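What follows is each chain in one-letter form.
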Amino acid sequence: MTHTLTLNPGQMTLADLRAVWQQPVTVALTGDARAAIDASAAAIHAIVAKGDAAYGINTGFGKLAKTRIPDEQLEQLQRNLILSHSVGTGEPMSDATVRLVMLMKAASLARGYSGVRPVVIDTLLALLNAGVMPVIPVKGSVGASGDLAPLSHMTLALMGVGPVRVNGEMRPAAEALKAASIAPLTLAAKEGLALINGTQVSTALALHGLFMAERLLEAGTTIGALCVDAAKGSDAPFDPRIHAARGQPGQIAQAAVTRALLQGSQIRLSHVEGDERVQDPYSLRCQPQVMGACRDLIANAARTLLTEANAVTDNPLVFTDTNEVLSGGNFHAEPVAFAADTLALAISEIGAISERRIALLIDSTLSGLPPFLVNNPGLNSGFMIAHVTAAALASENKSHAHPASVDSLPTSANQEDHVSMATYAGRRLAEMADNTATILGIEWLAAAQGVDFHRPLTTSPRLAKTHAALRAQVPFYDQDRLFAPDIEAARRLVLDGAAGLGQHDLLTQLWA
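In this report, the structure presented in the accompanying data block is examined. (Residues numbered from 1 in each chain as written. Predicted model: local features only at pLDDT ≥ 70, side-chain atom pairs only at ≥ 80, totals over all residues. Heavy atoms only, no water.)

It is worth spelling out the sheet that holds strand S7 (residues 169-172) at this point. Ordered by their spatial adjacency, three strands build an open sheet running S4-S6-S7, and the pairing between neighbours is antiparallel. Every interior strand has two partners, whereas the edge strands, strand S4 (132-134) and S7, have only one. The average undirected angle you get between the axes of adjacent strands in this sheet is 40°. Contacts from helix H4 (residues 95-109) reach S4 and strand S6 (163-166), with the element oriented near 90° to S4. (Pairing = 2+ DSSP bridges. Helix = DSSP H or I, 4+ residues; strand = E, 2+ residues; numbered from the N terminus. Axes fitted to C-alpha atoms, helices over the stretch in contact; angles between N-to-C directions. Contact = heavy atoms within 4.5 Å.)

Next up on the list: the packing of aromatic side chains. For the structure on display, the rule yields six aromatic pairs. With 5.4 Å between their ring centres and 75° between their planes, Phe453 and Phe476 make a pair best called edge-to-face. Pair noted here: Phe453 is in helix H18 (residues 422-453) and Phe476 is in the loop between helix H19 (461-471) and helix H20 (484-495), with a separation of 23 residues, a long-range link. You can call Phe476 partly exposed: its relative accessible area is 25%. By the ring-pair criterion, three or more aromatic residues cluster together here, those being Phe383, Tyr477 and Phe483. (Phe/Tyr/Trp six-rings, centres within 6.5 Å; stacked < 30°, edge-to-face > 60°. Buried < 20%, exposed > 50% of the residue type's maximum accessible area, 1.4 Å probe, protein only.)

A few words now on the nonpolar core. Of all hydrophobic cores here, the largest spans 161 residues; its most connected members are Leu17, Leu361 and Trp444. For this core, the element with the highest residue contribution is helix H9 (residues 200-230), accounting for 18 residues. Ignoring any residue separated from it by four or fewer positions in sequence, one finds Leu17 in contact with Met12, Leu100, Leu103, Met104, Leu207, Phe211, Leu306 and Ala309. (Core = buried A, V, L, I, M, F, W, Y, C linked by side-chain atoms within 4.5 Å.)

To continue, consider the packing of H18 against H19. Put simply, H18 and H19 touch, their axes get as near as 10 Å, and they point 110° apart. Considering their axes alone, H18 and H19 lie roughly perpendicular with respect to each other. Every pair of crossing elements has a handedness; the one defined by H18 and H19 is left-handed. In this structure, H18 uses Trp444, Leu445, Ala448, Gln449, Val451 and Asp452 to contact H19, whose residues at the interface are Thr466, His467, Ala469, Leu470 and Arg471. Per-class residue counts for the contact of H18 with H19 are six nonpolar, three polar and two charged. (Parallel < 35°, antiparallel > 145°, perpendicular 65-115°, else oblique. Left-handed = near helix turned anticlockwise from the far one by under 90°. Nonpolar A, V, L, I, M, F, W, Y, C, P; charged D, E, K, R; others polar.)

Attention now moves to the environment of Ala225. By the secondary structure assignment, Ala225 is in helix H9. Sequence-wise, Ala225 and Pro150 are 75 residues apart; in three dimensions their C-alpha atoms are separated by 42 Å. Residues in contact with Ala225, not counting those within four places in the same chain, are Thr258, Leu261, Leu262, Gln287 and Leu463.

On to empty space enclosed by the protein. The gaps left among the atoms become clear once a water-sized probe is rolled over them. For the structure shown, the criterion picks out one cavity of 30 Å³ or more. For the largest cavity, the calculated volume is near 30 Å³. Around the largest cavity, the lining residues are Arg215, Glu218, Ala219, Gly497, Ala499, Gly500 and Leu507. The biggest single contributor to the lining of the largest cavity is H9, with three residues. Among the residues making up the lining of the largest cavity, the classes are represented as three nonpolar, two polar and two charged. (1 Å grid on protein atoms, 1.4 Å probe; cavity = no way out; pocket = protein on both sides within 12 Å on 5 of 7 lines; lining within 4 Å. Points joined across faces, edges and corners; volume = space filled by probe spheres on them.)

Moving on, we come to the packing of H9 against helix H15 (residues 334-362). Relative orientation of the contacting elements H9 and H15 amounts to 20°, with a least axis distance of 9 Å. Relative to H15, the element H9 lies roughly parallel. H15 is crossed by H9, and the crossing has left-handed handedness. For the pair H9 and H15, the contacting residues are Ser202, Thr203, Ala206, Gly209, Leu210, Ala213, Leu216, Leu217, Gly220, Gly224, Cys227 and Ala230 in the first and Val336, Ala340, Leu343, Ile347, Ile350, Arg357 and Leu361 in the second. Its residues placed into classes, the contact of H9 with H15 shows 13 nonpolar, five polar and one charged.

Moving on, we get to the layout of surface pockets. Empty space within the largest pocket amounts to approximately 390 Å³. Lining of the largest pocket is provided by 23 residues; of these, His85, Leu148, Thr411, Ser412 and Glu416 occupy positions nearest its centre. Among the secondary structure elements, those contributing two or more residues to the lining of the largest pocket are helix H3 (74-85), helix H6 (148-158) and helix H8 (191-196). Among the elements that line the lining of the largest pocket, the one with the most residues is H3, at three residues. Taken together, the residues that form the lining of the largest pocket break down as 11 nonpolar, 10 polar and two charged. As for the second largest pocket, its lining consists of 14 residues, and the residues nearest its centre are Arg18, Phe211, Glu214, Glu218 and Trp511. For the lining of the second largest pocket, the elements supplying multiple residues, two or more each, are helix H1 (14-22), H9 and helix H14 (287-309).

Moving on: helix H17 (residues 384-400). Taking 1.5 Å as the rise per residue, H17 with 17 residues should run 24 Å; its terminal C-alpha atoms sit 25 Å apart, in good agreement. Within H17 the residues assigned to the buried category are Ala386, His387, Ala390, Leu393, Ala394, Asn397 and His400. Looking straight down H17, one finds that the buried residues subtend no more than 135° of arc, so they occupy a single side. Exposed residues lying more than 90 degrees from the buried face of H17 are Ile385, Lys398 and Ser399. (Expected span 1.5 Å × (residues − 1). Arc of directions from axis to C-beta.)

For the α-helix, the turn length of 3.6 residues means that residues three or four positions removed from each other point alike. Relative to the 46 Å expected for 32 residues at 1.5 Å per residue, H18 spans 47 Å between its end C-alpha atoms, a close match to the ideal helical length. Roughly 25° is the biggest bend found in H18, and it falls at Ala430. For H18, the buried fraction is high: 26 of the 32 residues fall into the buried class. (Bend = angle between axes of the 7 residues up to and from the residue.)

All right, on to the pairing of S7 then. Where S6 and S7 come together, four bridges link them in antiparallel fashion. By the bridge assignment for S7, Arg165 is matched with Met170. Once S6 ends, the chain turns through two residues before running back antiparallel as S7, passing Asn167 with a positive phi of about 50°.

Take the environment of Val101 next. Relative to the elements of secondary structure, Val101 occurs in helix H4. Between the alpha carbons of Val101 and Thr203 there is a distance of 7.9 Å; along the sequence they are 102 residues apart. Aside from chain neighbours lying at most four places away, what touches Val101 is Leu151, Met154, Gln200, Val201 and Ala204.

For the bond running from Ala144 to Ser145, omega is -5°, close enough to zero to count as cis. Along the chain, the position of Ser145 falls in the loop between strand S5 (137-139) and H6. Note that the residue after Asn315, namely Pro316, is joined by a cis bond; omega there is 0°. Tracing the backbone shows Pro316 in the loop between H14 and strand S8 (317-319). We note that Ser181 has phi near 60°; this positive angle belongs to a residue other than glycine. In this structure, Ser181 sits in the loop between helix H7 (173-179) and H8.

What is shown is where atoms sit, not what they do.
And the structure:
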């Protein structure tokens, strides 16, 4: 049964956005929004009727803003705008990301500052609800003056032009709209500009990164705790008094959850006394400090991106209370770029500390486990090269984590002379998240292997669920076998959130 979401412009929650990201959702615009939309569209109609020059309504665009366009050519102006700006390249965005783009664009237009007719928003939501997904190339935007190229490709579909995707299959937009009984849209004054001026693509890409970062943090928390048991680490570093003394909220939450995950472990009880190790390596005992800092970055990014998802970011804006049309720069996606850059740091660090724990486990001098976590080492290489894969991906993420927001190249003949690069900032998060999911998957395999070597001692009841979730898919590595399928299975489990199975009540405390 398809979930129905009532769209209240300016009041979307992260839960709303996450629901649309996860699966197709039927979206219905609240009736309360209609009055503001109608008033805004009427204001544009009045400007056209009066004959006053207004940017993007009856003028050219960008550097051509001084060119006045006759009234009889205003529809052609908007159509030309979309056709000429549809210059994206690269692979198509995923349906999940496109759904977010369409939802946020509809929500922004429905705030009543953009001067579009209700039919524009209705058509956009009709496509979304019918599962007619515009094919939007992922490259071609610098994140100011809005995501012009990708949003133009979205708008093509509303016009019945270009390709769309329905149930994963490419179809001509005109054919798909006809099958869904949706009339192609003829754009009126300002409507093309309102549709393509905005940060919705950058924000959707960053939201995808945010939702993946949340999953990675939760997976890294449970797998990291399992690793503590595999290495016979101490739970003393997770004592709440240590973390209260510092006061960092993410660190406090992370320590509390890790402590609860380890509670009741027979492995831990077996070395409370008589363990000659005084301190564990940082990758074990500093998990609250590192992962807690990542949690705080993710939470901060979430606040920024939620604000942006509800924002009006096209230009110019219509203020019906004073009958003014004002040009500004809300299309500049610097807040999104900063949020995406901080998410990149968090995603990279979750993977970086995980890679260090893998290195610890395979080193018998540190872990006390068989070399490379395999019986009969020498004949068997075990996890030797699996760790190399993790190291390669962690290093790759370090390069990806370089901030995109510090880069800028002028465009539009220097009219748009400082840009955010937010679209790339958000886009690279998907690959980074996949890299970190693979690293965490390898650590999960390694930690489960280590725990198995400690039998008959058992891990905690909570971590036994994490162990069992993996072992349902991947058996114990008793001797060398084709290893890539095991890693792929573990990666998929991480991406699907399976590392947190049975721990939802606890993991939600990370975000409290």
